[in-house]
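Read off the chains here:
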Amino acid sequence: MKDWDNIVGNEQLKEYFLNAVSTGNLAHSYLITGEDGMGKMTIAKCFARTILCESNEIRPCGVCHSCKQMESGNHPDVIFVTHEKPNTIGVDDIRTGLVNDILIKPYSSKYKIYIVDEAEKMSVQAQNALLKTIEEPPAYGIVLLLTSNIESSLPTILSRCMILNMKPVSNEQITDYLRRKGIEQSRIDTALLFAQGNIGRAEKMAASEEFFSLVEQILYILKNLPDMDFEQLLTSVKQLENYKVNIEECLDYMQLWYRDVLLFKATNDGNLIVFKEELKYISNMAKRSTYNGIECIIRAIQRARRRLDANVNFELTMELLLLEIKQHS
């Protein structure tokens, strides 16, 4: 149970897996879905370890030969299906790593478990190649597909898998987890704004100096943008370019900020906003902005997101965004 106790949240999912192992009611194919950082791989490994554990009592025991092999990452009957191209899992990857290999009986266990991470990257041909295997698997075969986008899976794949959804973790559980990691509360509070129940994302952000440097830069721009001249605005854009890889978080932060401005303008209630420590700035912006202006800013942030997704020039996209925000502030 120790491994399962270390998994934060998703109690119903943990209960399902433990019950499946204890009753022997195991499916041959599972599809675990959830955002990156939600813990899909962690729970898949824990499930595999529990299935293969040699103990007759508490499972996984952590001390048997199988558990030690899992701990070292060298269990011969747990296969992680890899792929050569970073953005695609091709038909040859699935045939070599799973379809052909599953015909070979387990080396030392009752089961042979295949874990396909980033299953949303499987091509249509790869999914079709997998289909017959999960339709007629050998008795010892178990396939775990981990995906952040269930819509990329063919209906024929979905119909043959047990579909399990990872749920967001509560802020209280994330806070307790990060405190036990020794992370200070102010960092936790900021990470929670962005994590939206994603514990992996929260942990990564709370430990990242670059993330907090970005937050500081964005906060400065949001507070001062209405009074910046054009030269100062361009300087701000160039500074943001240092954080290009984290621009999604940048846009999320901006959207949260103007959501607070809109909410405070509508309610005049500081208890409802996310940025409570910045109430003075939020209040001033709410007074000087119109409802239509705030909504225009929020739409401009969404447009910037789409432009960046389409690989439009970063500097130009951010210049246009900041100019539009300034216009409506």
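Details of the structure are given in the entry above.
Quick notes on the rules
- Residues numbered from 1 in each chain as written.
- Predicted model: local features only at pLDDT ≥ 70, side-chain atom pairs only at ≥ 80, totals over all residues.
- Heavy atoms only, no water.
- Helix = DSSP H or I, 4+ residues; strand = E, 2+ residues; numbered from the N terminus.
- Buried < 20%, exposed > 50% of the residue type's maximum accessible area, 1.4 Å probe, protein only.
- Contact = heavy atoms within 4.5 Å.
- Axes fitted to C-alpha atoms, helices over the stretch in contact; angles between N-to-C directions.
- Parallel < 35°, antiparallel > 145°, perpendicular 65-115°, else oblique.
- Left-handed = near helix turned anticlockwise from the far one by under 90°.
- Nonpolar A, V, L, I, M, F, W, Y, C, P; charged D, E, K, R; others polar.
- Salt bridge = Lys/Arg side-chain N within 4 Å of Asp/Glu carboxyl O.
- 1 Å grid on protein atoms, 1.4 Å probe; cavity = no way out; pocket = protein on both sides within 12 Å on 5 of 7 lines; lining within 4 Å.
- Points joined across faces, edges and corners; volume = space filled by probe spheres on them.

Student: Explain the environment of Ile218 to me, please; I cannot follow it from the model alone.
Tutor: With respect to the helices, strands and loops of the structure, Ile218 is situated in helix α11 (residues 209-224). Overall, Ile218 belongs to the buried group, its relative accessible area being 1%. Counting along the chain gives 150 residues from Ile218 to Lys68, while the straight-line C-alpha distance between them is 46 Å. Among residues more than four places away in sequence, those in contact with Ile218 are Leu240, Cys250, Tyr253 and Met254.

Student: Just checking my understanding: could you explain the side chain of Ser236 for this structure?
Tutor: Assignment of secondary structure puts Ser236 in helix α12 (residues 230-240). Excluding anything up to four places from it in sequence, Ser236 contacts Ile221, Met228 and Leu322.

Student: What's the story with the packing of helix α13 (residues 247-267) against helix α15 (residues 291-309) in this structure? I'm lost.
Tutor: Packed helices, taken two at a time, are described by their axes: the angle between them and the distance between them. At a closest axis distance of 10 Å, the pairing of α13 and α15 adopts a crossing angle of 165°. With respect to α15, the element α13 is oriented roughly antiparallel. Helix-helix and strand crossings are classified by hand; for α13 and α15 the assignment is left-handed. Residue-level contacts link Ile247, Glu248, Leu251, Asp252, Met254, Gln255, Tyr258, Arg259, Val261, Leu262, Lys265 and Ala266 of α13 to Tyr291, Ile294, Ile297, Ile298, Ile301, Gln302, Ala304, Arg305, Leu308 and Asp309 of α15. Of the residues contributing to the contact of α13 with α15, the split by class is 14 nonpolar, two polar and six charged.

Student: Whenever I open this one, the pattern of salt bridges confuses me. Can you help?
Tutor: Oppositely charged side chains can pair when the atoms bearing their charge come close. Under the definition given, this model contains 15 salt bridges. The salt bridge partner of Arg49 is Glu71, with a shortest N-O separation of 2.7 Å. Linking Arg49 in helix α3 (residues 40-52) with Glu71 in helix α4 (residues 65-72), this pair joins segments that are 22 residues apart in sequence. Look at Arg49 and you get buried, because its relative accessible area is 9%. A salt bridge links Asp176 to Arg180; its shortest N-O distance comes to 3.2 Å. Of this pair, Asp176 and Arg180 both sit in helix α8 (residues 171-180), separated by four residues, roughly a single helical turn. On the accessibility criterion, Asp176 (40% relative accessible area) is partly exposed. On the accessibility criterion, Arg180 (59% relative accessible area) is exposed.

Student: Just checking my understanding: could you explain the layout of surface pockets for this structure?
Tutor: Regions of empty space are outlined by a rolling probe, equal in size to a water molecule, passed over the atoms. Its volume calculated, the largest pocket comes out at about 460 Å³. Lining the largest pocket are 19 residues, with Asp3, Lys45, Arg49, Met70 and Glu71 positioned closest to its centre. Counting only elements with at least two residues in the lining of the largest pocket, the list comes to α1 (2-5), α3, α4 and β2 (78-80). Broken down by element, the residue count for the lining of the largest pocket peaks at four residues, all from α3. For the lining of the largest pocket, the class distribution of residues is seven nonpolar, seven polar and five charged.

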